[in-house]
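# Residue-level structural notes
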Amino acid sequence: MFRKVTEITLVAVLATLAAASPAVDSHINKAVLQRPNIVPFPHNCGRPQPHSPHRTKRCSVKALGRGKDDAPHILAAFHDCNNGGTVVLDGAYTIATALDLTFLRSVDVALSGSIAFKPDIDYWVAHSFQYAFQTSTAFWKIGGKDVNIYGGGKGVINGNGQPWWDAFASNSSLLRPISLVLDGLHGGSVSGIHMINPPNWFNLIANSSDILISDMVLTAKSSNSNSVKNSDGWDTYRSDHVVIQNSVVDNTDDCVSFKPNSTNIVVQGLKCNGSHGISVGSLGQYIDQYDIVENVTIYNNTMSNASDAARIKVWPGVHSEFQPILSGGGGSGYVKNITYERYESINNDWAIEVNQCYGQSNKTLCELYPSNMTISDIYFIDMWGTTSSKYDPKVGTLVCSSPKQCYNFHAKNVTIKSPKGKSQWVCSNFDTSDLEGFDCISG
């Protein structure tokens, strides 16, 4: 069923994008993609997208070919077309050196060709951009003000993840780059691009505001026994007013994850497969930081063959060693006003998971050191579908540290069924009186 829905959605996305009429670049006498007219729909994040003026100049980059590094020429084009131009990328490009594009002002990127990152692991380990949060790294970073990147259903960003996954199989501490990082971008959009095989996450939106993501296709597939690692679709971090919509994601980790200090976010019209859900968190990882995720609307999405559909995960109040490059706990903050509405679950292990002891398997430690994160004003509305047989007859788990840390949970018209046709919910340490129709049992 998911495959059929995904194929229909993918065809619709590509057909819509292909309908955009190209403009002719008189400099190179080739058709150039025009910026699509995309708007947040049906929900926006509380305010209109900033106006983005028409671009008046074009800078075309000729691909060198044969795996040669196109990064210097791409960088030069962005300098030439900064402040009101369009960078045209219509060839097959290789990026073999790190690109800092955080200086941009009023620039479009018309990507009808492809960008591939050279899988030179030794180079990237030494030269990729470093982020303290979850030891993240990046091939390139794009920031500034008023930047639109569009592919018209043709553009491709290839992370060449397979060599990285192969190397990670024998070195689990290997830091693998993110395929696309928007860092400090205020006003902008990314649309109509097919992203494939990121070494780590597909996208990170960090320190940014007023971002619109639309009509994307994200695919991560391994060609051998070494599995895809991480591959989050989009992670938001220290960002405000972001809309992610009308896209197809086939991956192995969070479809979307709202990391610390993500506010006023909308996720709508996504078809996700094989992931860890649309997730709040993880939060509370760093003891000296105060994390907030607030005012998030997740509307009209489908999740299939995942560990979770709706998920909220926060660390306990004690340090926990979870994975070789992922540990933490003891941080504080809150999660507030999160709405999951019109959400179809197809063969997911849990339809809903709330976990205030993420990364720690010792339940005694979780009880001794409850989470410092507060979770409140959570809404699950109009959710339907099925779970997998993994926890049958249970369909969800909502386990909190204490009633003081979890309150104002609401559910209405949630009709998730297990393969046996039953719907048991594990509920602990919070008031369940407003979970309409939930058959709650102890863990």
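Refer to the structure printed above.
Residue numbering note: each chain is counted from 1, following its sequence as written. The predicted origin of the model limits local features to residues at a pLDDT of at least 70 and limits the giving and counting of side-chain atom pairs to 80 or more, whereas totals for whole chains, interfaces and linings rest on all residues. Only hydrogens and water are set aside; all other atoms, that is, all heavy atoms of the structure, feed into the side-chain values.

### Focus on the pairing of strand E16 (residues 234-237)
A two-sided burial pattern is seen for E16, the buried positions comprising Trp 234 and Thr 236 on one face and Asp 235 and Tyr 237 on the other. When DSSP finds at least two bridges between two strands, those strands are taken to pair. Only DSSP runs of H or I covering at least 4 residues are called helices, and only runs of E covering at least 2 are called strands; the numbering of each starts at the N terminus. The pairing of strand E13 (residues 203-206) with E16 spans 4 bridges and is classified as parallel. Considered in E16, the bridge of Ile 205 is made with Thr 236. Two strands pair when backbone bridges link them, and E16 and strand E18 (residues 256-258) are joined in this way by 3 bridges, in the parallel orientation. From the neighbouring strand, Thr 236 faces E18, where its bridge partner is Phe 258. Exposed residues in this analysis have more than 50% of their type's maximum accessible area, buried residues have under 20%, and partly exposed residues fall in between, with area computed by a 1.4 Å probe over protein chains only.

### Let's talk about the layout of surface pockets
Within this model, the largest pocket holds a volume of roughly 950 Å³. With a 1 Å grid laid over protein atoms only, a set of points is called a cavity when a 1.4 Å probe fits there but cannot get out and a pocket when it is open yet has protein on both sides within 12 Å along at least five of seven lines; lining residues have an atom within 4 Å of a point. Around the largest pocket sit 29 residues that line it, and Asn 355, Cys 357, Gln 360, Lys 363 and Val 399 are the ones nearest its centre. Put simply, the parts of the chain that give the lining of the largest pocket at least two residues each are strand E22 (308-314), strand E26 (350-355), helix H5 (363-368), strand E28 (394-399) and strand E30 (424-428). Here the lining of the largest pocket takes 4 residues from E26, the largest share from any one element. Residues are grouped as follows: Ala, Val, Leu, Ile, Met, Phe, Trp, Tyr, Cys and Pro are nonpolar; Asp, Glu, Lys and Arg are charged; all remaining types, including Gly, are polar. Taken together, the residues that form the lining of the largest pocket break down as 10 nonpolar, 12 polar and 7 charged. Grid points are joined across faces, edges and corners, and a volume is the space filled by probe spheres set on the points.

### Describing the pattern of salt bridges
One speaks of a salt bridge when a side-chain nitrogen belonging to Lys or Arg is within 4 Å of a carboxyl oxygen belonging to Asp or Glu. Counting across every chain of the model gives 10 salt bridges. Lys 221 is the salt-bridge partner of Asp 250, the closest N and O atoms lying 3.3 Å from each other. Here the residue Asp 250 occupies a position in strand E17 (residues 239-250), and Lys 221 occupies one in the loop between strand E15 (217-219) and E16, the gap between them amounting to 29 residues. Lys 221 gets classed as partly exposed once you look at its relative accessible area, which sits at 48%. Salt-bridge contacts for Arg 311 lead to Asp 308; the nearest nitrogen and oxygen are separated by 3.6 Å. Take Arg 311 and Asp 308: they sit in the same class, and that class is buried. Each of Arg 35, Arg 55, Asp 108 and Asp 146 takes part in salt bridges that share partners, so that together they form one network.

### Brief notes about the packing of aromatic side chains
Aromatic rings from Phe, Tyr and Trp, with only the six-membered ring used for Trp, were paired whenever their centres fell within 6.5 Å, and each pair was classed as stacked if the ring planes differed by under 30 degrees, edge-to-face if by over 60, and tilted otherwise. As enumerated under the stated definition, the model contains 14 aromatic pairs in all. Ring centres of Trp 124 and Phe 139 lie 4.7 Å apart, and the angle between their planes is 80 degrees; this geometry places the pair in the edge-to-face category. Here Trp 124 is found in helix H3 (residues 121-127), whereas its partner Phe 139 is found in the loop between strand E9 (136-138) and strand E10 (140-158), with 15 residues between them in sequence. For Trp 124, a relative accessible area of 0% corresponds to the buried category. In this structure Phe 139 comes out as buried when scored by relative accessible area, which is 0%. Judged by centre distance (4.0 Å) and plane angle (20 degrees), the ring pair of Trp 425 and Phe 438 falls under stacked. Within this pair, whereas Trp 425 is found in strand E30, its partner Phe 438 is found in the loop between E30 and strand E31 (439-441), the two being separated by 13 residues in sequence. Owing to a relative accessible area of 2%, Trp 425 belongs among the buried residues under this scheme. Through a chain of ring-to-ring contacts, the aromatic side chains of Phe 117, Tyr 123, Trp 124, Phe 139, Trp 140 and Trp 164 assemble into a single cluster.

### Observations concerning the sheet that holds E9
One open sheet holds the 3 strands; their spatial order is E8-E9-E11, and the pairing between them is mixed. Of all the strands in the sheet, just strand E8 (129-131) and strand E11 (177-178) have a single pairing partner and so form its edges. Summarising the sheet, E9 and E11 pair through 2 bridges and their orientation is parallel. Residue Thr 137 lies in a different strand from E11, and its bridge partner there is Pro 177.

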